[in-house]
Amino acid sequence: MTMRSAKTKAMILTRIAPVALTAAIAAGALAVPAQAAEETHALKSVHFSFDGPFGTFDRGQLQRGYKVYVEVCSSCHSMDLLAFRNLSEEGGPDFTPEQVRVLAADFPREVIDGPDDVGDMFERPGKPSDNFPPPFPNQAAARASNNGALPPDFSVLAKARHAGPEYIYSLLTGYEDAPAHMEMRDGSYYNPYFPGGQISMAPPLSDELVEYTDDSPMTTEQYAKDISAFLMWAAEPKMEERKRIGFQVMVFLVVLGGLLYFTKQKLWRDVEH
Amino acid sequence: MSGHSTIHYKNPVVRWIDTRLPIISTMQVNAMDFPTPKNLNYFWTFGGILTLFLGIQIVTGLILAMHYTAHVSLAFNSVEHIMRDVNYGWLLRYMHANGASFFFIAVYIHIFRGLYYGSYKQPRELLWMIGVVILLLMMATAFMGYVLPWGQMSFWGATVITNLFSAIPLVGTAIVEWLWGGFAVGNPTLNRFYSLHYLLPFVLAAVVFLHIWALHVPGNNNPSGVEVKSDKDTIPFHPYYTVKDFFAIIVFLFFYAAFVFYLPNTLGHTDNYIPANPLVTPAHIVPEWYFLPFYAILRAVPDKLGGVIAMFAAIAVLFVLPWLDTSKVKSATFRPLYRQFFWILVITCIGLGYLGAKPPEGGYVIASRILTIYYFAHFLVILPLLGIFERTKPLPASISESVLAKHGGGGATAAAGAASAPENRG
């Protein structure tokens, strides 16, 4: 046994080792089963005007969405973080300030204000500076009116669900008859897009439910699409500004990066590196 | 940082200042004339990128702090107030949130660059160890920052991570209650996390200063792993590396901006837009992506205390890395076996990150265990043995020679160098 042969042996061992280890790790990775079949329904694919890096909100759609919210959703769902003044801000539904004054005053609920001179709270019509008045004074009242379920606040809902607008659209248009084998809780409805498949909200939309004045189809699908877009705007009111500034920043970075690249090339030209 | 300078300034004002406080000459020596190996590649630009991101996080964080309210009933809405009513508040918040992610992308590239080129070896052991301290500080800061918006993942992430300390025998529960300032994660927890989240970046900045100081004593490592031998091997930091770093920073910022402006919430979790609710546990509690490999290691060990120890050991092992790697050769370019093990380690870490995002069941746990064992084996078994058994390639005599070899010029030695390091070409 010479030193050399021992060395060769060690070398062969060390040369094989990485390959063997890679194989072992790969085997470990293969041991991972195909993802346990989770009860997730692929969302319906919807095209929204705000998709993509240059997408913007459709003003008419946001205005219709607000109408659907006020006439249908707002009886159960609060929207605490939104103020009427937001409706006339840039990048949103683009109502005029005059229209917003009317919309605030015409909201289905009045705003609770006070206390007045004698210490009492009082109700008064909404103003543009008010936040949307909530449907229930507290969560307990909301649950009591909704069969124990709590209707979620709408302010950031579109960002609090994966693929928010698609999810909301799919949910609103996805009510079906429950499969025969499924045991339904009292007062719940089958909806494959809702986690667990049972939702306490009755199908909220139906054709001809909300009067549109702009020739848009008065269908469940259109209502669902409009409210989904409206909720996306509510959750991300600065989206248009963000994309606009983003484009300017990207162009700036490309130009500056290009100039720097050539500067660097010229500077390093005579350095062997 | 060095002693008294011998630079003599002609301008009387500059000379007056510099003889009393040699800040101008110190900057000139360390940031302008600093002799830097001329063969650094783009993986050496991440130090500058990281310094920039520490700055971005501090500046955006400072302004966010002016509008944020650290109280359990106000925190969530105060963040939304920033998003809706503060001028460019959305920009500041998205820069800060995505800035944390890109800070970690940069630091992980920086660390793996150090691993590949053996930058942790003598004489840079302390520089490397200070770097590990920086990583720990970054993790603590990021974790506490993620709690501040007080969404569901903030609350439950804080609950899971602080509960880890309850695994400590005897005093575990007492420690956790001390961390919480109560009997559950609550308002005192949020307040102290905010206070510490504000403090730690400045500690981080101080440790970064030490890191740079420790770097400027031996100077940079370089892709050849051969130390600087003569002036021919180096060029002044400015303008060569200031311009190159600047270019790399702009390229990195391009990817950062793509996320800030077009995918601002992609790296976050949707559940964090649901206000924290101690009564509702999310289906899957997942930490931020940059913690996932460590989370996988934590869950791979069937025992709670063991898992916590393994998770901390995953970082602690980096502290002693300079003494675990027994090879005298620094750069993986000249270590054919180490180079393969390096890439296996990269794949292992990515695999652990993938598994950290999966539910802890069935095959995922088995795979996590295999990869966890391999992670530690890499440092504790493979590296010590590799230094003994690996036959390394011949090293170039100097940086200049390795550069000549790369360009196919030079004499016989250079040609041999080229043959032994073909991946260095082009």
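These figures come from a predicted structure and were not determined experimentally. (Residues numbered from 1 in each chain as written. Chains lettered and ligands numbered in written order. Predicted model: local features only at pLDDT ≥ 70, side-chain atom pairs only at ≥ 80, totals over all residues. Heavy atoms only, no water.)

Draft legend 1. Expanded view of the packing of helix α5 (residues 89–116) of chain B against helix α14 (residues 336–356) of chain B. All names here are of chain B. Following both chains from N to C, one finds α5 and α14 inclined at 155°, their axes separated by 10 Å at the closest point. Classed by the angle they form, the pair α5 and α14 counts as roughly antiparallel. Judged by the twist between their axes, the crossing of α5 over α14 is right-handed. Touching Phe-112, Leu-115 and Tyr-116 of α5 are Tyr-338, Arg-339, Phe-342, Trp-343, Leu-345, Val-346 and Cys-349, all from α14. Tallied by class, the residues present in the contact of α5 with α14 amount to nine nonpolar, no polar and one charged. (Axes fitted to C-alpha atoms, helices over the stretch in contact; angles between N-to-C directions. Helix = DSSP H or I, 4+ residues; strand = E, 2+ residues; numbered from the N terminus. Parallel < 35°, antiparallel > 145°, perpendicular 65-115°, else oblique. Left-handed = near helix turned anticlockwise from the far one by under 90°. Contact = heavy atoms within 4.5 Å. Nonpolar A, V, L, I, M, F, W, Y, C, P; charged D, E, K, R; others polar.)

Draft legend 2. Spotlight on the interface of chain A and chain B. Counting residues at the interface gives 52 residues for chain A and 56 residues for chain B. Across the interface of chain A and chain B, roughly 4800 Å² is buried in total on both sides, 71% from carbon and sulfur atoms. For the pair chain A and chain B, the number of links is one salt bridge. The closest approach of N and O atoms between B:Asp85 and A:Arg85, which form a salt bridge, is 3.4 Å. Counting only elements with at least two residues in the side of chain A that touches chain B, the list comes to α1 (3–30), α5 (157–160), α7 (220–235) and α8 (239–268) of chain A. No other element matches the 18 residues that α8(A) contributes to the side of chain A that touches chain B. Of the residues assigned to the side of chain A that touches chain B, the class counts are 30 nonpolar, ten polar and twelve charged. (Buried area = accessible area lost by both parts, 1.4 Å probe. Salt bridge = Lys/Arg side-chain N within 4 Å of Asp/Glu carboxyl O.)

Draft legend 3. Local environment of the packing of aromatic side chains. With the rule as written, the count across this model stands at 50 aromatic pairs over all chains. Look at B:Phe254 and B:Phe255: their rings are 6.0 Å apart centre to centre, the planes differ by 90°, and that puts the pair in the edge-to-face class. Pairwise contacts between aromatic rings join A:Tyr66, A:Tyr69, A:Phe84, A:Phe95, A:Phe107, A:Phe132, A:Phe154, A:Phe230 and A:Trp233 into one cluster. Above the face of the A:Tyr212 ring, A:Arg64 is positioned so that its terminal group lies 5.6 Å from the ring centre. Positioned above the aromatic ring of B:Trp44, the side-chain terminus of B:Arg113 is 4.5 Å from the ring centre. (Phe/Tyr/Trp six-rings, centres within 6.5 Å; stacked < 30°, edge-to-face > 60°. Lys NZ or Arg CZ within 6 Å of the ring centre and 35° of its normal.)

Draft legend 4. Spotlight on the layout of surface pockets. All names here are of chain B. Estimates place the volume of the second largest pocket at around 1300 Å³. Surrounding the second largest pocket, 48 residues form its lining, Gly-47, Gly-48, Thr-51, Ile-212 and Leu-215 being those nearest its centre. Counting residues per element, the ones that place at least two in the lining of the second largest pocket are α2 (23–32), α3 (46–65), α5, α6 (125–147), α9 (187–216) and α10 (237–262). Tallied by class, residues from the lining of the second largest pocket come to 27 nonpolar, 17 polar and four charged. (1 Å grid on protein atoms, 1.4 Å probe; cavity = no way out; pocket = protein on both sides within 12 Å on 5 of 7 lines; lining within 4 Å. Points joined across faces, edges and corners; volume = space filled by probe spheres on them.)

Draft legend 5. Structural view of the nonpolar core. Ranked by internal contacts, the top residues of the largest apolar core, which has 125 residues, are B:Phe53, B:Tyr68, B:Phe104, B:Tyr108, B:Leu115, B:Tyr375 and B:Phe379. A per-element tally of this core places α5(B) first, with 14 residues. Among all residues touching B:Phe104, those that are not within four sequence positions of it are B:Leu135, B:Met138, B:Met139, B:Ala142, B:Trp289 and B:Tyr290. Grouped together as the second largest cluster of nonpolar side chains are 45 residues, A:Leu62, A:Tyr66, A:Ile199 and A:Phe230 included. (Core = buried A, V, L, I, M, F, W, Y, C linked by side-chain atoms within 4.5 Å. Buried < 20%, exposed > 50% of the residue type's maximum accessible area, 1.4 Å probe, protein only.)

Draft legend 6. Region of interest: the pattern of salt bridges. All names here are of chain A. Counting across every chain of the model gives 17 salt bridges over all chains. Between Arg-64 and Asp-226 there is a salt bridge, with its nearest N and O atoms 2.8 Å apart. Remark: Asp-226 occurs in helix α7 and Arg-64 occurs in helix α2 (residues 59–71); sequence separation between them is 162 residues. For Arg-64, a relative accessible area of 10% puts it in the buried group. Linking Lys-67 and Glu-71 is a salt bridge whose minimum nitrogen-to-oxygen distance equals 3.2 Å. With Lys-67 and Glu-71 both in helix α2 and four residues apart, this pair spans about one turn of that helix. For Glu-71, a relative accessible area of 45% corresponds to the partly exposed category.

Any link to function would need more than the numbers given here.
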